[in-house]
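Here is how the chains run, residue by residue.
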Amino acid sequence: MTKRLFDIVASGCGLIVLSPLFLILAIWIKLDSKGPVFYRQVRVGRNNRDFRIFKFRSMKEGADNGSLVTIGGQDPRITRSGHFIRKFKLDELPQLINVFVGDMSLVGPRPEVRHYVNYWTPEQIQVLDVRPGITDPASIRFRNENDLLDKAENPEEYYINVIMQEKIRLYLEYVGNQSLWYDIKLIFQTIKVVIKD
């Protein structure tokens, strides 16, 4: 209950404070390319239930009909505004809406699409015992994931067999050690990493 209360208060305050930035980004995205401001993809959440995640659209409309992995900073599907908002993780900010309504938490394992969750073992599925989050230890560790995929011979295979496996290990480690103070520490670590990069 303490974690949920923290999520409601923090996400609510965040949405109010960041509303001017949301408006600026929304206008830029609309002027930059055709399509909606928000990208709403189906992800797998707590108790293995699907939900729609909010993100600022950073790719051309219909770009997700192809590969689900984004390859490096030169992926031709990414818009001009998308390069900027991805670099500073601004595309993730609308997920404060998901946190406020209860689909997500500020901190927790990043939600995957069903396609990749289908590869998980029964032990790995335990990740879904908690609400997914905007950030977590794996998000910090793999903050340059796109660059790693750019260097892989087969990005999809590399993601499934290498990156995803390490992410899940970190997810399970978080699930076993979660606490409000640990969450707060991870939030500040994430902010530090985003600013530094």
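Predicted model, so just to flag it, every value in this text is computed and none were measured. (Residues numbered from 1 in each chain as written. Predicted model: local features only at pLDDT ≥ 70, side-chain atom pairs only at ≥ 80, totals over all residues. Heavy atoms only, no water.)

Asks: Sorry if this is basic, but what is going on with the pattern of salt bridges here?
Replies: Close approach of charged atoms lets side chains of opposite charge pair. The final tally for this structure, using the stated rule, is nine salt bridges. Arg 114 serves as the salt-bridge partner of Asp 50, at 2.7 Å between the closest nitrogen and oxygen. Of the two residues, Asp 50 sits in strand β2 (residues 50-56) while Arg 114 sits in helix α5 (residues 114-117), which places them 64 residues apart along the sequence. The partly exposed category is assigned to Arg 114, whose relative accessible area is 28%. (Salt bridge = Lys/Arg side-chain N within 4 Å of Asp/Glu carboxyl O. Helix = DSSP H or I, 4+ residues; strand = E, 2+ residues; numbered from the N terminus. Buried < 20%, exposed > 50% of the residue type's maximum accessible area, 1.4 Å probe, protein only.)

Asks: For this particular structure, what's the right way to read the environment of Ile 85?
Replies: Considering the arrangement of structural elements, one finds Ile 85 in helix α3 (residues 80-87). Sequence spacing of Ile 85 and Phe 56 is 29 residues, and the spatial spacing of their C-alpha atoms is 8.2 Å. Among residues more than four places away in sequence, those in contact with Ile 85 are Leu 25, Ile 29, Phe 56, Arg 57, Ser 58, Leu 90 and Asp 91. (Contact = heavy atoms within 4.5 Å.)

Asks: So what exactly am I meant to see when it comes to the packing of aromatic side chains here?
Replies: Note on aromatic pairs: each is described by the distance of the centres and the angle between the planes. Following the criterion strictly, the structure yields seven aromatic pairs and no others. Ring geometry for Phe 38 against Phe 56: centres 5.5 Å apart, planes inclined by 15°, an arrangement best described as stacked. Note that Phe 38 is positioned in strand β1 (residues 38-44) and Phe 56 in strand β2, a separation of 18 residues in sequence. Classification of Phe 38 by relative accessible area gives partly exposed; the value is 31%. Taken together through their ring pairs, the aromatic side chains of Phe 22, Phe 38, Phe 54 and Phe 56 make up a single cluster. It is Arg 141 that lies over the ring of Phe 142; its NZ or CZ is 4.5 Å from the centre. (Phe/Tyr/Trp six-rings, centres within 6.5 Å; stacked < 30°, edge-to-face > 60°. Lys NZ or Arg CZ within 6 Å of the ring centre and 35° of its normal.)

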